[in-house]
Every structure is written in structure tokens, then in C-alpha cells.
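Take a look at the letters that make up each chain.
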Amino acid sequence: MTLTIGVDVGGTKVAGGVVDERGNVLAANRRSTPAEDPAGTRDTIAEVAAELAREHPEAVSIGIGAAAWIDAAGSTVLFAPNLAWRDEPLRDYVSKQVGLPTVLENDANVAAWAEFRFGAARQADDSMVMITVGTGIGGGIVLGGKLWRGANGMAGELGHIQSVPDGHPCGCGRLGCLEQYASGNALVRFARAGARQEPERAAQLLELAGGDPLAISGRQITEAARAGDGVARDAFAQIGYWLGVAMADLAQSFDPQILVVGGGVIDAGDLLMGPTQRTYRDQLAARGRFPIAEVVAAQMGNTAGVVGAADLARRI
Ligand SMILES: [Zn+2]
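From a predicted model like this one, the values you see are computed outputs, not experimental measurements.

Conventions we followed
- Residues numbered from 1 in each chain as written.
- Predicted model: local features only at pLDDT ≥ 70, side-chain atom pairs only at ≥ 80, totals over all residues.
- Heavy atoms only, no water.
- Helix = DSSP H or I, 4+ residues; strand = E, 2+ residues; numbered from the N terminus.
- Domains from an automatic or database assignment.
- Contact = heavy atoms within 4.5 Å.
- Buried area = accessible area lost by both parts, 1.4 Å probe.
- Salt bridge = Lys/Arg side-chain N within 4 Å of Asp/Glu carboxyl O.

## A closer look at unusual backbone geometry
With glycine set apart, most residues show a phi of negative sign, and most peptide bonds adopt trans.
Reasoning step 1: Within the chain, Asp-166 stands out as a residue other than glycine whose phi angle is a positive 55°.
Reasoning step 2: With respect to the helices and strands, Asp-166 occurs in the loop between β11 (146-147) and α4 (179-182).
Reasoning step 3: Within the chain, Asp-255 stands out as a residue other than glycine whose phi angle is a positive 45°.
Reasoning step 4: Within the secondary structure, Asp-255 sits in the loop between α8 (230-254) and β12 (258-262).

Right under this line is the structure:
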């Protein structure tokens, strides 16, 4: 069985793994990311991959998934919001250091690929769309059985499709992006506003936050929502609503076999997926005239980055 190495590069850690053809992780390692130091981050990635390659000399290639914009050739990091990288020729550097062919891909694309191959969309053989909800929002699109990278490597930036014309300002320069209405940050914003306006409905949430609406965190919202807190549940219903609207637009655009919601917020289960799925069905055009693709929660969890990157490396 052919083995490959996957490396998942985030703002706080670099995680590596040796992965087989079925998506099983046979060995793993991780280091802290020296995020302020581009050369140090690059070397940490190469060391994580080299260590695994020494332990498993039968591994044939390396895949790297990074929280960054990657160029069309899949060779250079153009920009990374949480890492001090600009125009970093990462792919060839790691390949040369470790002595194995290497691929480089955006982390949300990598996670989508992992779900398509081994996770929530593994029954699909042609197409899927995934929205990953973290602090911000990422996305990935698979069409014709291939990860769709677009003309410039920029496809799947689904956090920056517009939800609300002239809405909340986004870091990307637009107004009203999905990321401003359906991300982890949006969840916190909705909950804080709700707790200020209706403190009596946010009793459990405010207790967890020490009485201060500005101290409310994402984890507290999940905990309070599970315990029945009205404002915390509303906050999930709001981001679920906007996710559902976006999913309906994406279903109309791509007609995928399945749509997936990933990221830390899916830990909230039906508190998020219920409103998402209801809104999605309500928003579909010409309802009842077409088969409806399901919207489901991701299944790969924290291993998606390593497993997806390693599987893309199998396709070099
Ligand atoms: Zn934006």
C-alpha cells in the first residue's frame, strides 16, 4: 500500500501524518508554528515532513495544506492572514529539503477533499460543496471528481460571497460577506448583541461569561445553547439561517451531489444543522421539481487537514 505524508499548517501548530490509501493515519507528529517568523515556519514544516519521511522511508510524496492563499501553480503562498508569509515559494523549498515531490493547497480545499474522499461526502463520486466555519469561513468545491482550483487558484473562497447588500464590513474590503453573518466571529457578535438587548433570555450565557456580554465566547455559547439558553440558541439559528441561504445559492450554482458544513461550530449539532437544513430547503428555487442534495455535517474532525493533504499528494 502506498503511503504519503500530509502536513496541516495553521496559525498555532504544524501537524504531520503518514497516511495510507484508505485515509488511515499511521504515524503523527506536531510542532508549534513560529507564526511571526516566515523562515522558521517554513523550516518547521520541512522538519515535520522530514521526520515522518525518515520513520517511513516508503512514503512517496508530501501534501501541505496551509491557511493561506496559494497561487495557480500550487507552488507559492501569496498571502496568509495569520502567518508572516508573503510570496513564499513553499512547495519547492520543502520538496528540496525532504527530497520528495510535494503539493501545496489551501487548508479549506484540503479539508473539503478529505470529506469527499473519506468523510461525510465519501458516497459522492462527482461533486460536492463544503463550507468550513471557523473564526472565519473557508470553502472547497469538488467538480467532476476533482478539487476545483479555478483560473487563479482562488476558487472556493465562499466566506466572501455576499449575504447582505451593504451589510457588515468585511476584512476583505466588501460589505455583507457571508463570513460576517455565519462565522464563529458572527456567532459571538450575535450572542453579545442578544445578551445586551434581552439579558433575561441570556441568563445562562451571562452566568458563564461572568455577567459581561463582551466576555461571551464561542465555547460558552455552545454550552449555554445546549442548556436551553434562548439567546445562545438564537445565535446558532442566525448563523444557520445565513449558511442555509448560502447553501441554496451554491446548490443552484453547482448542482452538487452533496453539501457539507465543517469546522468547530458543527460540535453544536442540531442547534446549528437544524436551522441550516430548514433554511436551505426553504430557499431552494423550484422546490419539488428536482432531487434535493442533502446538507450534512463534516465527519473528519481534526484529521481532515493531514488526511486531505496526504491524499492530494497521492495524485501528483
Ligand atoms: Zn469578505
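Following the structure, the description resumes.
## Considerations on the domain arrangement of the protein
Reasoning step 1: The domain architecture assigned to the protein consists of domain 1 (3-113 + 303-313) and domain 2 (123-298).
Reasoning step 2: Taking only C-alpha atoms, the centre of domain 1 and the centre of domain 2 are 27 Å apart.
Reasoning step 3: Counting from both sides, the interface comprises 13 residues of domain 1 and, opposite them, 16 residues of domain 2.
Reasoning step 4: Of the roughly 1100 Å² buried between domain 1 and domain 2, counting both surfaces, carbon and sulfur atoms make up 55%.
Reasoning step 5: For domain 1, the biggest contributors to the area lost against domain 2 are Trp-69, Asn-109 and Ala-112; these three give 41% of the whole.
Reasoning step 6: Joining domain 1 to domain 2, the criterion identifies one salt bridge.

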